[in-house]
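# Structural description and commentary
Each chain, letter by letter, is given below.
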Amino acid sequence: MSSSRKPDDKGKLWSGRFDEPVTDLVKRFTASVSFDQRLAQFDIDGSLAHAHMLGAVGIVTQADVAAIERGLAQIREEIRGGAFEWSIDLEDVHLNIERRLTDIVGDAGKRLHTGRSRNDQVATDVRLYLRAGIDQITALIKGLQRKLLDVAEKHTDTVMPGFTHLQVAQPVSFAHHLLAYFEMLSRDAQRLIDCRKRVNKLPLGAAALAGTSFPIDRQMVAKELGFEGLCENSLDAVSDRDFAIEFCACAALLMTHLSRFSEELILWMSPRFRFIDLADRFCTGSSIMPQKKNPDVPELIRGKTGRVNGHLVALLTLMKAQPLAYNKDNQEDKEPLFDTVDTLTMSLAVFTELLGGLEVNRDAMREAVQQGYATATDLADYLVKKGVPFREAHEAVAQAVRHAENRGKDLSGLPLSELQQFSALIADDVFDALTLEGSLAARSHIGGTAPVRVKQAIAKARKSL
Ligand code: ARG
């Protein structure tokens, strides 16, 4: 070693081969400790499992294992209590903890890194972190779903206009509308549970990239950390972050669903709709317009969808064309991932609360559905049941709607004689088909909006949770 510099105790754990320290700017640029300290508890879990394995196969002594356990327990407490001193000189969470361990327990701490690299270490930490995040998020999804069912239960008979193209289409039960979101959220949860299987594999043992020359027992480490299997290729283990990308894709879909729901709440709360009101505790006023009550919470959730989508694209772009195996690029995986987990956690929690303060204006919904010729399809179906081919029935009803529109009336408001101008087959029983309740009740198949069916759907949904 030609270095004139003495090994510096406060310096990097890898600095031996270098002639000069990194510049201050480079140090700040390359350090990740400001954000990856969030991985600390998982880093300690991983180190403990690694140490236990090193002891079990005889790579380190049991006395070393005991010292490492003692030191890591102390560090865990220091970090939890906020007493731990993070140093940017030590670059990242891994080196900060390792250096502190050595300070506390001496040589045993220096043996911990045997057969391991920060490359497999960080991949392990991120997987442990994400696994916990997924568990938290799936629990929050279920909580939101429960709240949805609570609201739906009260509104199986509440009629609202169902829309296509945002034009009144057909009457639906408000509960049925809410159950559509229940379905979306169920798929979101399923996707996350499926993604978790691929997250929950152990990279440790891959070391830097090629594995290690020590007789390690990866199964033992996996078992202690609750991993369901091993990453089967050491190069893949340290380099790919597809599990995080996959999670972000699930997250983007989940936020997309919440954004749709948010958008509807915003529309429904506007004075043009008046379908719902959100409790004051979820709204804010305007600093200039005294009359305003703004649905900030759903608007923010809608907005945060953009940031989660952005994180997905960030991670995809981060991984694109990266040569094997580990590259420092991957240090950039953390902030988007952390923010995605945080955003989902907050959004789900606040959305669940929001639904608890939802007031439903049945009359406004009913009024709206009565204005839109929402039972026109029912009249066509009525004619078909009397033998008219559907296309002809469709045309006859279109004429009837035009007529009603000119008269400023709803179809059910036209006298029978006028309705009969459009088909001689129309009789007195037509009014059953034209009522909102009749229209709803007629759609009683699986997946339909008939209140009896919706009640069954709610019961089934409850069971699925
Ligand atoms: N802080 C690094 C990261 O987040 C840890 C791994 C560093 N490995 C390395 N060979 N420099 O990816």
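Bear in mind the structure is a predicted one, so any value in this text is a computation, not a measurement.

### So, the overall build of the protein chain
Counting its secondary structure elements, the protein chain contains 20 helices and 6 strands. Taken over C-alpha atoms, the radius of gyration comes to 31 Å for the protein chain, far larger than the 23 Å a tight globule of 465 residues would show. With the C-alpha coordinates of the protein chain rotated into their principal frame, the extents come out at 105 × 50 × 40 Å. For the protein chain, buried positions account for 50% of its 465 residues. Restricting the contact set of the protein chain to residue pairs at least 6 apart, pairs at least 24 apart contribute 75%. Taken as a whole, the protein chain presents about 22600 Å² of accessible surface, with 53% of it coming from carbon and sulfur. Between the averaged position of the 58 positive side-chain charges in the protein chain and that of its 63 negative side-chain charges there is a distance of 1 Å.

### Some details on the packing of aromatic side chains
By convention here, two paired aromatic rings are described through the distance between centres and the angle between planes. This model, assessed by the stated rule, comprises 8 aromatic pairs. Taking the centre distance of 5.1 Å and the plane angle of 50° together, the rings of Phe-261 and Phe-351 count as tilted. Of this pair, Phe-261 sits in helix H11 (residues 242-269) while Phe-351 sits in helix H13 (residues 334-356); the two residues are 90 residues apart in sequence, bridging distant segments of the chain. Judged on exposure class, the residue Phe-261 and its partner Phe-351 are both buried. The structure contains a cluster of three or more aromatic residues connected by ring pairs, namely Phe-42, Tyr-129 and Phe-338.

### Things to note about the side chain of Gln-121
With respect to the helices and strands, Gln-121 occurs in helix H7 (residues 118-153). Discounting residues that sit within four places of it in the chain, Gln-121 has contacts with Asp-43, Ser-47, His-94, His-113, Arg-116 and Leu-204.

### Overview of the layout of surface pockets
Think of a ball as big as a water molecule: rolled over the atoms, this probe shows where empty space is left. Looking at the largest pocket, its volume works out to about 540 Å³. Lining the largest pocket are 23 residues, with Phe-182, Glu-183, Ala-457, Lys-460 and Ala-461 positioned closest to its centre. Going through the elements one at a time, H7, helix H8 (174-199) and helix H20 (451-464) are the ones with two or more residues in the lining of the largest pocket. The leading source of residues in the lining of the largest pocket is H8, at 10 residues. Partitioning the lining of the largest pocket into residue classes produces 10 nonpolar, 9 polar and 4 charged.

### Focus on the pairing of strand E1 (residues 159-164)
Pairing of E1 with strand E2 (residues 167-173), which is carried by 6 bridges, proceeds in the antiparallel orientation. Bridge pairing in E2 places Thr-164 opposite Gln-167. Linking two consecutive strands that pair antiparallel, namely E1 and E2, is a turn of 2 residues; a positive phi of about 55° is found at His-165 within it.

### Quick word on the site of the ligand
Around the ligand sit Ser-32, Asp-36, Asp-92, His-94, Arg-118, Asn-119, Val-122, Tyr-326, Gln-331 and Lys-334, and that is every residue in its neighbourhood. At 3.1 Å, a side-chain N or O of Asp-92 approaches a nitrogen atom of the ligand. In the environment of the ligand, a nitrogen atom lies 2.8 Å from a nitrogen or oxygen atom belonging to the side chain of Gln-331. Relative to its unbound accessible area of 350 Å², the ligand is 86% covered by the protein chains. Ranked by residue count, the leading element in the shell around the ligand is H7, at 3 residues. Across the shell around the ligand, the residue classes tally to 2 nonpolar, 4 polar and 4 charged.

### Considerations on empty space enclosed by the protein
Under the defined criterion, the tally for this structure stands at 2 cavities of 30 Å³ or more. Its volume calculated, the largest cavity comes out at about 50 Å³. Lining the largest cavity are His-50, Met-53, Gly-115, Leu-202, Leu-204, Gly-205, Ile-216, Arg-218 and Val-221. In this model, the second largest cavity occupies a volume close to 30 Å³. In terms of lining residues, the second largest cavity is bounded by Asp-43, Ser-47, Leu-72, His-94, Ile-97, Glu-98, Leu-112, Arg-116 and Gln-121. For the lining of the second largest cavity, the secondary structure elements donating two or more residues are helix H3 (40-56) and helix H5 (93-105). Examining the composition of the lining of the second largest cavity, we find that 3 residues originate from one element, H5, more than from any other. Taken together, the residues that form the lining of the second largest cavity break down as 3 nonpolar, 3 polar and 3 charged.

Each value, and the rule that gives it
Residues numbered from 1 in each chain as written. Predicted model: local features only at pLDDT ≥ 70, side-chain atom pairs only at ≥ 80, totals over all residues. Heavy atoms only, no water. Helix = DSSP H or I, 4+ residues; strand = E, 2+ residues; numbered from the N terminus. Rg over C-alpha atoms; globule rule 2.2 N^0.38 Å. Buried < 20%, exposed > 50% of the residue type's maximum accessible area, 1.4 Å probe, protein only. Contact = heavy atoms within 4.5 Å. Areas by Shrake-Rupley, 256 points an atom, 1.4 Å probe, with all protein chains shown as cover. Lys, Arg positive; Asp, Glu negative; His and termini not counted. Charge placed at Lys NZ, Arg CZ, Asp CG, Glu CD. Phe/Tyr/Trp six-rings, centres within 6.5 Å; stacked < 30°, edge-to-face > 60°. 1 Å grid on protein atoms, 1.4 Å probe; cavity = no way out; pocket = protein on both sides within 12 Å on 5 of 7 lines; lining within 4 Å. Points joined across faces, edges and corners; volume = space filled by probe spheres on them. Nonpolar A, V, L, I, M, F, W, Y, C, P; charged D, E, K, R; others polar. Pairing = 2+ DSSP bridges. Near = heavy atom within 4 Å. Polar contact = N/O pair within 3.5 Å; in protein donor to acceptor, adjacent residues only side chain to side chain.

That is the geometry; function is a separate question.
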